[in-house]
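# Summary of structural features
The chain contents come next:
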Amino acid sequence: MFSVFSSYPTSLVFLSIVVAAALCIALTGPWIKLLRRDNIGQQVIGGKPVIKVDAQLGGVMILLAATITMLLLAPWRAELALLLIATLLTGLLGFVDDFSKVREANTVGVSPRAKLIVQFLISIVFCLLAVNWLGIAPTIKFPFLPVIDLGVLTTTINGFDIPWLYVIFVSILLAGMSNAVNLTDGLDGLAAGTVMVVLIVMAMIAYRLDMLDASIFGGALAGACIGFLWYNAHPADIFMGDTGSLALGTAIGCMAVVTKTELVSLIIGGLFVVEALSVMIQVFHYKRTHERVFLMAPLHHHFEKKGWSEIKVVLRFWIISGSLAVLGFFLYFTDALLNL
C-alpha cells in the first residue's frame, strides 16, 4: 500500500493514525471478550476476586494494531526496523511481566531489577545500532545552547564505534522514559491520552526532518492509543499494562534519539518526567525523614487523595501534557528556524 501513497507523504502519516486507531478499536473488543471468557488471571482470596490481571493485557492490541499499520503503510527501511524492534522487545518484556502475573495469579511479576537490566540491554543495543547503522551523531543539544559532544570517549573496534558517554546517556533516557510512562499508567485513559499527544508531536518533528519512517512510526502508535482509549476511557474495560506502557515509553525515547531531540523530549514528555520525579522525591524523602512530601505517589494519586475525581485528574493532566508538548515543539522549531 505504501507505493500507492508514496507521492503523498503527508497523507501517509495521517492515514497511519486513522488506520491504527480503527484497527485497535476492531481488535481490542474481541480481545476483551476472549480474556473475560477464559477468566484469565483472576486472583481469588477468601472466595472473592480481588484482581483481574487480564485487564492489564491491553498493550498487546496497541502494539499489534500499530505494527500492522506500519506493515501496510511504511516504506520499511533500517530506521523503522530499528525503532519497531526496540519497541516490540520492550513490549515483550512487559508482556512477560503481565503474563507472569496471569500465570501465577499475583501482582509481583518480573522483579524490578530484572526488568531494569533488560531495559538497559535493549537501550544499549539500540544506541549502538543507531550510531553505527543509522549514522546518528553521538551529540545532544538543547535549543539556543551549544551542541554537547558525547562522542569524545569513543572506542572503535573493526569500524564499529562505541561512544561510551552517549551510550550511557541514551540508556538512561530510554529506560527512564519507559518507566516514567509505566508510572503514569495509573488512571483510566491517563497514559494512553498523554502518550498519544507526545507521539503526535514527535511524529510532526520527524516529518519536518524528512524522516517519513519515524513519522509513520509515531503516527501509528499515536493512532493505536486513540483506538485504545475507546475501551480505556473511564470507566475502563481494559488497561495497557506493562506491555503497553513500557513499550510506548521506549518508543518515545527511541524517536527522540533518531530525531536528535533527546533533551527537548524531556519537555515534550514533561508530564512523564514529573510523574517519575514525584516517586523519586517521595521515596528519598520518606527514607530520610519517614514523612511524605505527597499524599501518595505518583503525582496523579496525590490529587486523587486531595479529592479530585479521577476524570478531573485525567483531563487536567491531558491539558498539562499537551501544553508541555506544544512548548517543546515550539522550542524545537524556533531553534531550527534560527539555524536556517
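Here is what the cut-offs are and how they apply
- Residues numbered from 1 in each chain as written.
- Predicted model: local features only at pLDDT ≥ 70, side-chain atom pairs only at ≥ 80, totals over all residues.
- Heavy atoms only, no water.
- Salt bridge = Lys/Arg side-chain N within 4 Å of Asp/Glu carboxyl O.
- Helix = DSSP H or I, 4+ residues; strand = E, 2+ residues; numbered from the N terminus.
- Buried < 20%, exposed > 50% of the residue type's maximum accessible area, 1.4 Å probe, protein only.
- 1 Å grid on protein atoms, 1.4 Å probe; cavity = no way out; pocket = protein on both sides within 12 Å on 5 of 7 lines; lining within 4 Å.
- Points joined across faces, edges and corners; volume = space filled by probe spheres on them.
- Nonpolar A, V, L, I, M, F, W, Y, C, P; charged D, E, K, R; others polar.
- Axes fitted to C-alpha atoms, helices over the stretch in contact; angles between N-to-C directions.
- Parallel < 35°, antiparallel > 145°, perpendicular 65-115°, else oblique.
- Left-handed = near helix turned anticlockwise from the far one by under 90°.
- Contact = heavy atoms within 4.5 Å.

### Details of the pattern of salt bridges
Per the stated rule, a full pass over the model turns up four salt bridges. Ionic pairing is found between arginine 77 and aspartate 213, a salt bridge with its closest N-O pair at 2.6 Å. With arginine 77 in the loop between α3 (59-73) and α4 (78-104) and aspartate 213 in helix α8 (residues 212-232), the pair connects residues that are 136 residues apart, well separated along the chain. Residue aspartate 213 is classed as buried on the basis of its relative accessible area, which comes to 3%.

### Some words on the layout of surface pockets
In this structure, the largest pocket encloses a volume near 540 Å³. Partitioned by chemical class, the residues of the lining of the largest pocket number six nonpolar, seven polar and seven charged. Reported here for the second largest pocket is a volume of approximately 250 Å³. Elements supplying a minimum of two residues to the lining of the second largest pocket: α6 (164-184) and α11 (270-289). In terms of residue count, the dominant contributor to the lining of the second largest pocket is α6 (eight residues).

### Observations regarding the packing of α3 against α8
Where α3 contacts α8, the axes come no closer than 8 Å and their chain directions differ by 140°. Classified by the angle between their axes, α3 and α8 sit oblique to one another. The interaxial crossing formed by α3 with α8 has right-handed handedness. On α8, the residues that touch Ile62, Leu63, Ala65, Ala66, Thr69, Met70 and Leu73 of α3 are Ile216, Phe217, Ala220, Leu221, Ala224 and Phe228. For the contact of α3 with α8, the residue count by class is twelve nonpolar, one polar and no charged.

### Side note on the environment of valine 313
Mapped onto the elements, valine 313 comes out in helix α13 (residues 310-338). Take valine 313: its relative accessible area is 0%, and that puts it in the buried class. Taking the C-alpha atoms as reference points, valine 313 and histidine 301, twelve residues apart in sequence, are found 8.7 Å from one another. Setting aside its immediate chain neighbours within four residues, valine 313 contacts Leu187, His300, Phe303, Glu304 and Trp308.

### Focus on the packing of helix α7 (residues 190-208) against α11
Contact geometry for α7 and α11: axes closest at 10 Å, N-to-C directions at 135°. By the criterion of interaxial angle, the relationship of α7 to α11 is oblique. Here Leu190, Thr194, Val195 and Val198 of α7 come into contact with α11, specifically with Leu271, Phe272 and Glu275. Residues of the contact of α7 with α11, tallied by class, amount to five nonpolar, one polar and one charged.

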